[in-house]
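Coordinate inspection notes
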There are 2 protein chains.
Amino acid sequence: MAEDFTVTPWEVTGDIDYELLAERFGTSPIDDKLLSRLKGYGDLHMMLRRGIFYSHRDLNVILDEYDKGNKFILYTGRGPSGHTHLGHIMPWMFNKWVQDKFDVDMYFQFTDDEKFLFKQDATLQDTKKMAYENALDMIALGFDTKRTKIILDTENVKTMYPIALKVAKKINLSTAKAVFGFDNTTNIGSIFYTSMQSVPAFLASELAGRNIPCLIPCGIDQDPHFRACRDVAPGLGYMKPGQIYCKMFPGLSGADKMSSSDPMATIYTTDNQKEVKKKVGKAFTGGCVSVEEQREKGGNPEVCAIFKYNYYLFENDDGKLNELSKKCRSGEILCGECKAALTERINVFLEKHQEKREKAKDVIHDMTFEGFRW
Amino acid sequence: MAEDFTVTPWEVTGDIDYELLAERFGTSPIDDKLLSRLKGYGDLHMMLRRGIFYSHRDLNVILDEYDKGNKFILYTGRGPSGHTHLGHIMPWMFNKWVQDKFDVDMYFQFTDDEKFLFKQDATLQDTKKMAYENALDMIALGFDTKRTKIILDTENVKTMYPIALKVAKKINLSTAKAVFGFDNTTNIGSIFYTSMQSVPAFLASELAGRNIPCLIPCGIDQDPHFRACRDVAPGLGYMKPGQIYCKMFPGLSGADKMSSSDPMATIYTTDNQKEVKKKVGKAFTGGCVSVEEQREKGGNPEVCAIFKYNYYLFENDDGKLNELSKKCRSGEILCGECKAALTERINVFLEKHQEKREKAKDVIHDMTFEGFRW
């Protein structure tokens, strides 16, 4: 039996039972029927095939509207508390795939206000600067520069605040405490903040003066925000946004979520080749204590961080992934070989990514909502 | 002994004991020593002489700074929930006097967000429009059109929000509940709102990059906001704003506070002469049931709404006021005469005010902070 776990937008601890989490949150599984409906739009993304994006709210409703010609707007975001790591870009890659597949506009929200409010020692200068750095990574992934708008809360607040106020007026303290676990020590900005995270879900509708569906692909840890957001939508005359949720990207230490609080278990998009080699070299694997034992008994890919990295991000080919799993279990391949191969893959990826990241500086100001500048 | 009473920024009920209220809030009396210091700057305003502005926080500190050549910025405001009545303009008149006397800049804040959040059926369109109407009344009182800036929260939020976030981060839920009496039914926007009311106290300092003292003359019902504001100031590197507080303007019904919930006991700046006559005619007085009895026993000006209107606003001459009081007590003057005289005074005032109010439309957009337009 899994130990108990906590998943909130600000804290992920324990050994996460994702089925139980979806049950607790009340989200629906992406079942075979829904997968085959999604397949109707073209090949399934590897993160759907593998159950990494595994749970949803109202995805069918969003697709029904799409089929009727009412395109959704895509919305995801990032709390700019530090440099971008692989755990952040995993769902962003999925968003990019959705944008391409469905040919839709997108809001990418950077919540500099949130990170200022929730991180004791953060300044607004820090979180705003970090939003710029994070946005470069987002752009480097190839989002459509014309169809994607970057929202920065403190810069776009004039348009956002009236919508946030309407949301805030519909959420009482009792609900906020129940949904987010706030207590008497929580600051009053943090209590209000969820209203700002609701805004991009309603923004396109507000600007168009008619209901535009919204689909939000993101980590399931964000569900409390969108549960609150969905609850208030009908009362404000908006359509409820749909969500498609992924699991957390694992840390190299074997933890369930890659976290900046453990930099050695975290690969940043700005890491150099030597750093990557060092971090992957120290990763937790499913190997045995000796080569002999591993050749005899085999390794365990299920607990192996290296295998998870291939599973979540770096091995798109299901056949090759199965092959790797078999070779591990049979003792045919050893941890050192897997580590070397993953290091190579990550470094190839990062080399290209870092080039695109530099080029993103030329277009970032063409992509800001309402034309703000850093 | 006075009945119990409640005074918060959103509710004033019961028979207010102003000395006890100041004690509960922890504000200091404006004593003879302070009055004589104030007299050093020129004649005392009638509202100071009569103890209508009766309590303060750090007024001495603000004056010390002023004496050193560090001028304060004046700040007051209005929650635009309805049309302006005499109860609103009473402290505004005092603000105008302070502006002239000390030759200082001023922020006049219209909290359209607050009134939207706290009034169940208000829309943001309503509160924004009402802010325009109220601002005309403010301008009609003769504030310096160059030195006075109108802040409208939803319009100026881009500059205000980062300051509000810094304030909000320093106020926890426990404090907000204790200061404002919030409970589980309070919406999360209302809980955050006080941060926005703190902003004008720090805005001049923020924009100048150095500490500029701030003096806030307003009703004592606003003290909870400024208590919270003062508490966070040092931690943010700002000087604590000083306050000078007045009593609530009485209703014509004899109630301690003029209130829009009782329109017949409330004189609006837009009332016509007939309406004023009718409302004053129905006012609660300190008279007796019959002319004979009043001639014999005299009236009681202490409980009389008509007398209070002269005391608070319409009889600037202390000698004449005392004369009126004596004539009432001796039965020399009857309620009908007093009502007729007050009606005349109010109508003379309103006639001129309404003219100036029309002219205010020509300058209102020159006075908005950062040049916003309604």
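Being a predicted model, the structure only gives us computed values, none of them experimental. (Residues numbered from 1 in each chain as written. Chains lettered and ligands numbered in written order. Predicted model: local features only at pLDDT ≥ 70, side-chain atom pairs only at ≥ 80, totals over all residues. Heavy atoms only, no water.)

Describing the overall build of chain A
Scanning chain A for helices and strands turns up 16 helices and nine strands. Taken over C-alpha atoms, the radius of gyration comes to 21 Å for chain A, in line with the 21 Å a tight globule of 374 residues would show. Per-residue burial for chain A yields a buried fraction of 57% across its 374 residues. Taking as baseline every contact in chain A between residues at least 6 positions apart, the subset at least 24 positions apart corresponds to 78%. For chain A, the accessible surface area stands at approximately 15500 Å², while carbon and sulfur atoms represent 48% of it. Distance between charge centres in chain A, computed from 50 positive and 53 negative side chains, equals 3 Å. (Helix = DSSP H or I, 4+ residues; strand = E, 2+ residues; numbered from the N terminus. Rg over C-alpha atoms; globule rule 2.2 N^0.38 Å. Buried < 20%, exposed > 50% of the residue type's maximum accessible area, 1.4 Å probe, protein only. Contact = heavy atoms within 4.5 Å. Areas by Shrake-Rupley, 256 points an atom, 1.4 Å probe, with all protein chains shown as cover. Lys, Arg positive; Asp, Glu negative; His and termini not counted. Charge placed at Lys NZ, Arg CZ, Asp CG, Glu CD.)

Structural notes on the interface of chain B and chain A
Facing 35 residues of chain B, the contacting portion of chain A comprises 35 residues. Regarding the contact of chain B and chain A, the summed buried area is about 3100 Å², with carbon and sulfur atoms giving 70% of it. Interface area lost by chain B to chain A is led by B:Tyr161, B:Lys169 and B:Ile188, which between them contribute 26%. Where chain B packs against chain A, one counts two salt bridges. Put simply, B:Glu155 and A:Lys158 hold a salt bridge, and the shortest N to O gap is 3.2 Å. Of all the secondary-structure elements, those providing two or more residues to the side of chain B that touches chain A are helix H6 (112–118), helix H8 (153–169), helix H9 (173–180) and helix H10 (188–208) of chain B. Ranked by residue count, the leading element in the side of chain B that touches chain A is H8(B), at ten residues. (Buried area = accessible area lost by both parts, 1.4 Å probe. Salt bridge = Lys/Arg side-chain N within 4 Å of Asp/Glu carboxyl O.)

Describing the environment of A:Lys129
Tracing the backbone through its elements, the reader meets A:Lys129 in helix H7 (residues 124–140). C-alpha separation for the pair A:Lys129 and A:Pro80, spaced 49 residues apart in sequence, amounts to 8.4 Å.

Topic: helix H9 (residues 173–180) of chain A
The periodicity of an α-helix, 3.6 residues per turn, causes residues three or four positions apart to be oriented the same way. Considered for burial, the residues of H9(A) that qualify are A:Leu173, A:Ala176, A:Val179 and A:Phe180. Down the axis of H9(A), the buried set is contained in an arc of 135°. They therefore lie on one face. On its buried side, H9(A) packs onto helix H10 (188–208) and helix H11 (223–232) of chain A together with H9 and H10 of chain B. Residue A:Gly181 follows H9(A) closely and has a positive phi angle near 75°. (Arc of directions from axis to C-beta.)

Some points on the pairing of strand S8 (residues 214–219) of chain B
Residue and element names in this part refer to chain B. Of all six residues in S8, six are buried; the element is thus mostly enclosed. The pairing of S8 with strand S9 (residues 242–246) spans five bridges and is classified as parallel. Of the residues in S9, the one forming a bridge with Cys 218 is Tyr 245. After leaving S8, the chain enters helix H11 (residues 223–232) and then returns to the sheet as S9, a path that is right-handed. (Pairing = 2+ DSSP bridges. Right-handed = clockwise from strand over helix to strand, strands pointing away.)

Some words on unusual backbone geometry
Residue and element names in this part refer to chain A. We note that Asp 103 has phi near 55°; this positive angle belongs to a residue other than glycine. For Asp 103, the location among the structural elements is in the loop between helix H5 (86–102) and strand S6 (106–110). Accessibility expressed as a relative area gives 39% for Asp 103, which makes it partly exposed.

Points about the packing of aromatic side chains
If you walk through the whole model with that rule in mind, you get 55 aromatic pairs over all chains. Centre to centre, the rings of A:Phe118 and A:Tyr193 are 6.3 Å apart; their planes meet at 80°, and the pair counts as edge-to-face. Note that A:Phe118 is positioned in helix H6 (residues 112–118) and A:Tyr193 in helix H10, a separation of 75 residues in sequence. The buried category is assigned to A:Tyr193, whose relative accessible area is 1%. Relative to B:Phe143, the ring of B:Phe108 has its centre 6.2 Å away and its plane inclined at 75°; by these criteria the two rings are edge-to-face. One end of the pair, B:Phe108, is in strand S6 (residues 106–110); the other, B:Phe143, is in the loop between helix H7 (124–140) and strand S7 (148–152), with 35 residues separating them in the sequence. Judged by relative accessible area, which is 0%, B:Phe108 ranks as buried. These aromatic residues form a ring-pair network of at least three members: A:Trp10, A:Phe118, A:Phe180, A:Phe182 and A:Tyr193. Cation over ring: A:Lys247 sits above A:Tyr54, and NZ or CZ is 5.3 Å from the ring centre. Lying over the aromatic face of A:Phe116, B:Lys169 brings its terminal NZ or CZ to 4.1 Å of the ring centre. (Phe/Tyr/Trp six-rings, centres within 6.5 Å; stacked < 30°, edge-to-face > 60°. Lys NZ or Arg CZ within 6 Å of the ring centre and 35° of its normal.)

Some points on the pairing of strand S1 (residues 5–8) of chain B
Residue and element names in this part refer to chain B. Sheet topology note: the S1/strand S2 (residues 11–14) ladder contains four bridges and is antiparallel. Across the sheet, Phe 5 pairs through a bridge with Gly 14, a residue of S2. Where S1 hands over to S2, the hairpin turn is made up of two residues, counted between the paired strands.

Quick notes on the relation of the copies chain B and chain A
Mapping chain B onto chain A calls for a screw motion: a turn of 180° about the axis and a shift of 0.0 Å along it, with 0.1 Å RMSD after fitting. Such a combination of rotation and displacement between the chain copies is what one expects of a two-fold axis. Mapped onto chain A, 100% of the interface residues of chain B again fall at the interface, so both copies present the same surface. (Least-squares fit on C-alpha atoms with pLDDT ≥ 70 in both.)

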